[in-house]
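# Structural overview for review
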Amino acid sequence: MSARILDGKAVALTVTQEVAAKVASRVAGGRAPPGLAVVQVGENPASQVYVRNKRRTTEAVGMRSFAHDFPASLAEAELLATIDRLNANPDVHGILVQLPLPKHVDPQKVVERIDPAKDVDGFHPYNVGRLVLKSPTLRPCTPYGCMRLLAETGEPLAGKHAVVIGQSNIVGRPMAMELLMARCTVTICHSATRDLPGIVRQGDVVVAGVGRANFVQGDWIRDGAIVIDVGINRTDEGKLVGDVDFAAAKERASWITPVPGGVGPMTIAMLLANTLRAAELADG
Ligand code: GUN
């Protein structure tokens, strides 16, 4: 079997256009445009690219973008004070603090300072808890984007065995909760998992979020599986590749996401969807 490609770039464009249309009708109805504040601390090169894309797309859909860039030396108390001001600003509906943060800043403290109603990353314990309890409001963007891509296949998810590789707070854990909510049987694998290839071979759906180039081998993929690759890794030759050996996995999967152009663009699209949702919730 040669897999069909799940074109994240195209689906993200559709989602972004839907958001832009809703923003335009909000504004035409006399309501404020949604506002998204993206906070960056330090000069991590990958973060700078992501943040630039987030801000550019925010403006492209007619939302207000509030940029806050700080040097890596910023004191934690200063960052928390910035979040307090953004929490209190009615023009700001969504707040995102780009991770990772410098070592002297506690990311948990920062995430918990954001008003859960403005937590468009969906990382606050309140939003994580709501997702665990099957009643999500603001959902973590990357897993939410993966679910949108899975919907694109038209395949029913109920009863499928979904294998999630990676247990991070940003990807693996919320992804597992999304898949469980979609009535999959879910297995979460991590670095202490025994016989990883054997478990991945059981997956009707495989989601890889480990951050290691070409880690998942083609012969780990069951015939006809749907493969979602969350990884974005740069090889020594400077090429962007996923966590899955794409060429080999493509010969066995029924659907597969490419890297780049798969999950990556969906993350920003779902961030904008969340920001619109936060603005709607703020309307009451
Ligand atoms: N760093 C890598 N992915 C993300 C994300 O989705 N949100 C934030 N805030 N930081 C990230």
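Residues numbered from 1 in each chain as written. Predicted model: local features only at pLDDT ≥ 70, side-chain atom pairs only at ≥ 80, totals over all residues. Heavy atoms only, no water.

Neighbouring the ligand are L96, V97, Q98, L99, D121 and F123. The contact in question runs from a nitrogen atom of the ligand to an N or O atom on the side chain of Q98, over 3.3 Å. Between the ligand and L99 there is a distance of 2.9 Å, counted from a nitrogen atom to a backbone nitrogen or oxygen. Protein coverage of the free-state accessible area of the ligand, which is 280 Å², stands at 82%. A breakdown of the residues in the shell around the ligand according to their chemical character gives four nonpolar, one polar and one charged. (Near = heavy atom within 4 Å. Polar contact = N/O pair within 3.5 Å; in protein donor to acceptor, adjacent residues only side chain to side chain. Areas by Shrake-Rupley, 256 points an atom, 1.4 Å probe, with all protein chains shown as cover. Nonpolar A, V, L, I, M, F, W, Y, C, P; charged D, E, K, R; others polar.)

Attention now goes to the packing of helix α6 (residues 141–152) against helix α7 (residues 172–181). In the contact formed by α6 and α7, the axes pass within 9 Å of each other and the chain directions differ by 40°. By the angle class used here, α6 and α7 are oblique. Where α6 crosses over α7, the handedness of that crossing is right-handed. Contacts between α6 and α7 involve P143, Y144, C146, M147 and L150 from the first element and P174, M175, E178 and L179 from the second. (Axes fitted to C-alpha atoms, helices over the stretch in contact; angles between N-to-C directions. Helix = DSSP H or I, 4+ residues; strand = E, 2+ residues; numbered from the N terminus. Parallel < 35°, antiparallel > 145°, perpendicular 65-115°, else oblique. Left-handed = near helix turned anticlockwise from the far one by under 90°. Contact = heavy atoms within 4.5 Å.)

Glancing now at the sheet that holds strand β2 (residues 35–41). Hydrogen bonds between backbone atoms are what pair the strands of a sheet, whose relative direction is either parallel or antiparallel. Read from one edge of the open sheet, three strands run β3-β2-β4, paired in parallel fashion. With partners counted over all chains shown, the strands left at the sheet margins are β3 (64–70) and β4 (94–97), one partner each. Neighbouring strand axes in the sheet, compared pairwise and without regard to direction, differ in orientation by 15° on average. Both β2 and β4 contribute to a ladder of four bridges, which runs parallel. Looking across to β4, one finds that A37 is bridged to I95. (Pairing = 2+ DSSP bridges.)

A few words now on helix α1 (residues 8–28). Relative to the 30 Å expected for 21 residues at 1.5 Å per residue, α1 spans 30 Å between its end C-alpha atoms, a close match to the ideal helical length. Looking only at α1, the buried set comprises G8, V11, A12, V15, T16, V19, V23 and R26. The arc that holds the buried residues of α1, viewed along the axis, is 135°, so those residues lie on one side. Structurally, α1 contributes buried residues whose contacts are with α2 (45–60), α6 and α10 (263–283). Capping of α1 at its N-terminal end is provided by D7; its side-chain oxygen lies 3.1 Å from the backbone amide nitrogen of K9. (Expected span 1.5 Å × (residues − 1). Buried < 20%, exposed > 50% of the residue type's maximum accessible area, 1.4 Å probe, protein only. Arc of directions from axis to C-beta.)

Quick look at the nonpolar core now. In this structure, V19, L150, L179 and I228 are the most contacted members of the largest nonpolar core, which totals 43 residues. Sorting the residues of this core by element identifies α1, β2, α6, β5 (161–165), α7, β7 (205–208), β8 (226–229) and α10 as the ones contributing at least two each. Element by element, the count of residues in this core is highest for α10, at ten residues. Residue contacts for I228: discarding those within four places in its chain leaves L6, C146, L150, V206, V207, A208, T257 and V263. If you look at the next biggest cluster of nonpolar residues, it comprises 18 residues, including L196, W220, A249 and I256. (Core = buried A, V, L, I, M, F, W, Y, C linked by side-chain atoms within 4.5 Å.)

Cis geometry is found at the peptide bond from L99 to P100, where omega equals 5°. With an omega dihedral of -5°, the bond running from V259 to P260 counts as a cis peptide bond. Relative to the helices and strands, P260 resides in the loop between β11 (255–256) and α10. If you check the backbone angles, R183 has positive phi at about 70° while not being a glycine. The residue N214 is not glycine, and still its phi comes out positive at about 50°. One can find N214 in the loop between β7 and β8. Relative accessible area serves as the criterion here: at 32%, N214 is assigned to the partly exposed category.

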